[in-house]
Amino acid sequence: MNIFEELRWRGLFSDCTDEEELGKLLGSKSVTLYCGFDPTANSLHVGNLVPLLALRRFQLAGHRPIAVAGGATGMIGDPSGKAAERSLLTRETLSANIAAVKGQLARLLDFEAADNAAMLLDNADWSAGVSFLDFLRDIGKNFTVNMMVAKESVRARMNDREVGISYTEFSYMLLQAFDFYKLREQHDCELQIGGSDQWGNITAGIDLARKKLGRTVFGLTLPLITNADGSKFGKSVEGAVWLDPEKTSPYKFYQFWINTDDRDVIKYLRYFTFLDQAAIDELAVKHEADPAAREAHRALAKEMTDLIHGAEATAEAIAASQSLFGKGTGDVTEAMLAEIQESAPSLEIDKAEFDGEGLGLIDLLAQTELFQSKGEARRAIQGNGISVNNAKEPDIERRLTAADLLFDKHILLKKGKKNYVVVTAR
């Protein structure tokens, strides 16, 4: 299928300007396209993935992608989808952030391809040297305030009397339009893609290229992703899910995808993975027949962790997950427990508590987040709902001693299948 057909099948097509002409263009030659991101942190997160992976899809279809880092626009802050003004970042911070995410982009885009190698550009390269007066004369005169106020990203903020919008953020649209104009002029870029909240900014760039260059360019938007429960995609209990393994470990990253809502998993396989339609349709049939088997979830988690962290990190994350949710601890390594402990509820206990006759299981369970009282813990043991180091424990009189400590310092307690605590003896 062509790139339009693939985007539609995957549910990644929201809107576009002059769809018929753009379709002809994409079918007739290799097109240069771009997507921008403001480097507001020293790592990308999963919320950035849809447009960046769309660049990869276009590249695989033979087109040339440009990722534009907002060294200039990042100093202003995009008001789109924001209820309040962003904190302003320094040029030094933005430069450091761009350098940090360059390696992450190399996992998503091919910068060495023979015919359509990806490019990473910083819009500060063509914006920072332009004086304020020159920008107002050469760029600002092409826009009416009436048109800018009509854009959704601006109007929504203006309607909020308590917050409003500063002149700084009001000007963001002009800077993004300037990007598209310069990319068309310098790199023959004919298409900009972005989330549906970028429609106003994208069309502003289309107008500027037409007025300044007399050239036609196109815009295509992708849907903003929300979870089935209506919450914003890309957040976990701990916050954003980052691509940097130092900020979100490969194990946590894998678990984020494994824990996808049953209602979202097939949709996310289409949105985020590069599995073909036949493979995803097969997983959809299996998921419909037996969602508890979680085959689709495992496929999603493996594909995404492979993509971002590589096959070796994925294998380690799967092994750690199996050690937590499987049976027995024969294959559990100390490194796996350390990985699990980083993202699991934990409890520290004085190691002396395990000397002699040891510590009663009920007493220990009552100190964890799993139970509110000893009575509740006792009933769970009697109901065969408690595991110690992945082994069911039916004895309410059970006492834990030093012999139960994995690697002389850990005990893994589980309530049912999904609730667990790592106890560490210090």
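Structural data are supplied above this passage.
Residues numbered from 1 in each chain as written. Predicted model: local features only at pLDDT ≥ 70, side-chain atom pairs only at ≥ 80, totals over all residues. Heavy atoms only, no water.

### A word on the overall build of the protein
Secondary structure assignment for the protein yields 19 helices and 15 strands. With respect to the principal axes defined by its C-alpha atoms, the protein has extents near 85 × 50 × 40 Å. Pairs at least 24 residues apart make up 74% of the contacts formed inside the protein by residues separated by at least 6 positions. Accessible surface, the protein as shown: approximately 20,100 Å² in total, 48% of it carbon and sulfur. Within the protein, one finds 49 positive and 62 negative side-chain charges whose respective centroids are separated by 3 Å. (Helix = DSSP H or I, 4+ residues; strand = E, 2+ residues; numbered from the N terminus. Contact = heavy atoms within 4.5 Å. Areas by Shrake-Rupley, 256 points an atom, 1.4 Å probe, with all protein chains shown as cover. Lys, Arg positive; Asp, Glu negative; His and termini not counted. Charge placed at Lys NZ, Arg CZ, Asp CG, Glu CD.)

### Description of the pairing of strand β2 (residues 32-37)
Side chains on a regular strand alternate between the two faces of the sheet. Burial of β2 is extensive: five of the six residues sit out of reach of the surface. Two strands pair when backbone bridges link them, and β2 and strand β3 (residues 64-69) are joined in this way by six bridges, in the parallel orientation. Across the sheet, Tyr34 pairs through a bridge with Ile66, a residue of β3. Sheet analysis places β2 next to strand β5 (residues 189-195), joined by three bridges and oriented parallel. Residue pairing across strands places Tyr34 opposite Gln192, the latter belonging to β5. (Buried < 20%, exposed > 50% of the residue type's maximum accessible area, 1.4 Å probe, protein only. Pairing = 2+ DSSP bridges.)

### Digging into the sheet that holds β3
The sheet built from six strands is open, its strands ordered β1-β6-β5-β2-β3-β4 with mixed pairing. The two strands at the open ends of the sheet, each matched to only one other strand, are β1 (15-16) and β4 (119-122).

### Topic: the sheet that holds strand β9 (residues 346-349)
An order of β9-β15-β14-β11-β12 is seen for the five strands of this open sheet, with the pairing classed as mixed. This sheet does not close on itself; its edge strands, each paired only once, are β9 and β12 (391-392). When strand β11 (residues 386-388) meets strand β14 (residues 410-415), the two strands line up antiparallel, connected through three bridges. Counterpart to Ser387 in the pairing with β14 is Lys414.

### A short note on the pattern of salt bridges
Scanning the entire structure with this criterion turns up 20 salt bridges. Here Lys302 makes a salt bridge to Asp306, at a shortest N to O gap of 2.8 Å. Of this pair, Lys302 and Asp306 both sit in helix α15 (residues 295-309), four residues apart, roughly one helical turn. The class of Lys302 is partly exposed, set by a relative accessible area of 38%. Overall, the relative accessible area of 21% leaves Asp306 in the partly exposed class. Through salt bridges with shared partners, a single ionic network connects Glu6, Arg10 and Arg57. (Salt bridge = Lys/Arg side-chain N within 4 Å of Asp/Glu carboxyl O.)

### Quick word on the packing of aromatic side chains
Any pair of aromatic rings gets described here by the distance separating the centres and the angle formed by the planes. A complete count under the given rule lists 14 aromatic pairs for this structure. Both rings, one in Phe135 and one in Phe178, keep their centres 5.5 Å apart while their planes meet at 85°; by these two values the pair is edge-to-face. Of this pair, Phe135 sits in helix α6 (residues 132-138) while Phe178 sits in helix α10 (residues 172-187); the two residues are 43 residues apart in sequence, bridging distant segments of the chain. In terms of burial, Phe135 and Phe178 fall into one category: buried. Ring geometry for Phe233 and Trp257: centres 5.9 Å apart, planes at 45°, overall tilted. Taken together, the residues Phe233 in the loop between β6 (218-222) and β7 (235-236) and Trp257 in helix α12 (residues 250-258) connect sequence positions 24 residues apart. Overall, Phe233 belongs to the buried group, its relative accessible area being 7%. Overall, the relative accessible area of 0% leaves Trp257 in the buried class. Among the aromatic residues, those joined into a ring-pair cluster are Phe233, Phe253, Phe256, Trp257, Tyr268, Tyr271 and Phe272. (Phe/Tyr/Trp six-rings, centres within 6.5 Å; stacked < 30°, edge-to-face > 60°.)

### Considerations on the pairing of β14
Where burial is concerned, most of β14 is hidden: five out of the six residues are buried. The pairing of β14 with strand β15 (residues 419-425) spans six bridges and is antiparallel. Bridge assignment links Lys415 to a residue of β15, and that residue is Asn419. Counting the residues in the hairpin turn of β14 and β15 gives three residues, including Gly416, whose phi is positive at 70°.

### Section: the state of the cysteines
Per the counting criterion, the structure on display carries zero disulfides. Left unpaired, Cys189 is separated from the closest cysteine sulfur, that of Cys35, by 11 Å. Overall, the relative accessible area of 0% leaves Cys189 in the buried class. (Disulfide = S-S within 2.5 Å.)

### Structural notes on the side chain of Lys182
Counting through the fold element by element, Lys182 comes out in helix α10. Within the structure, Lys182 has its side chain in polar contact with the side chain of Glu185 (distance 3.0 Å). Among all residues touching Lys182, those that are not within four sequence positions of it are Trp126 and His187. (Polar contact = N/O pair within 3.5 Å; in protein donor to acceptor, adjacent residues only side chain to side chain.)

### Concerning α10
Its 16 residues place the ends of α10 22 Å apart at the C-alpha level, agreeing with the 22 Å of an ideal helix rising 1.5 Å per residue. Downstream of α10 by one or two residues, Asp188 has phi in the positive range, about 55°. (Expected span 1.5 Å × (residues − 1).)

### Digging into unusual backbone geometry
A positive phi angle, near 60°, is found at Asn384, a position not held by glycine. Along the chain, the position of Asn384 falls in the loop between α19 (374-382) and β11. Look at Asn389: it is not a glycine, yet its phi comes out positive at around 55°. Among the secondary structure elements, Asn389 is positioned in the loop between β11 and β12. Among the residues examined, Asn389 registers a relative accessible area of 10% and is labelled buried.

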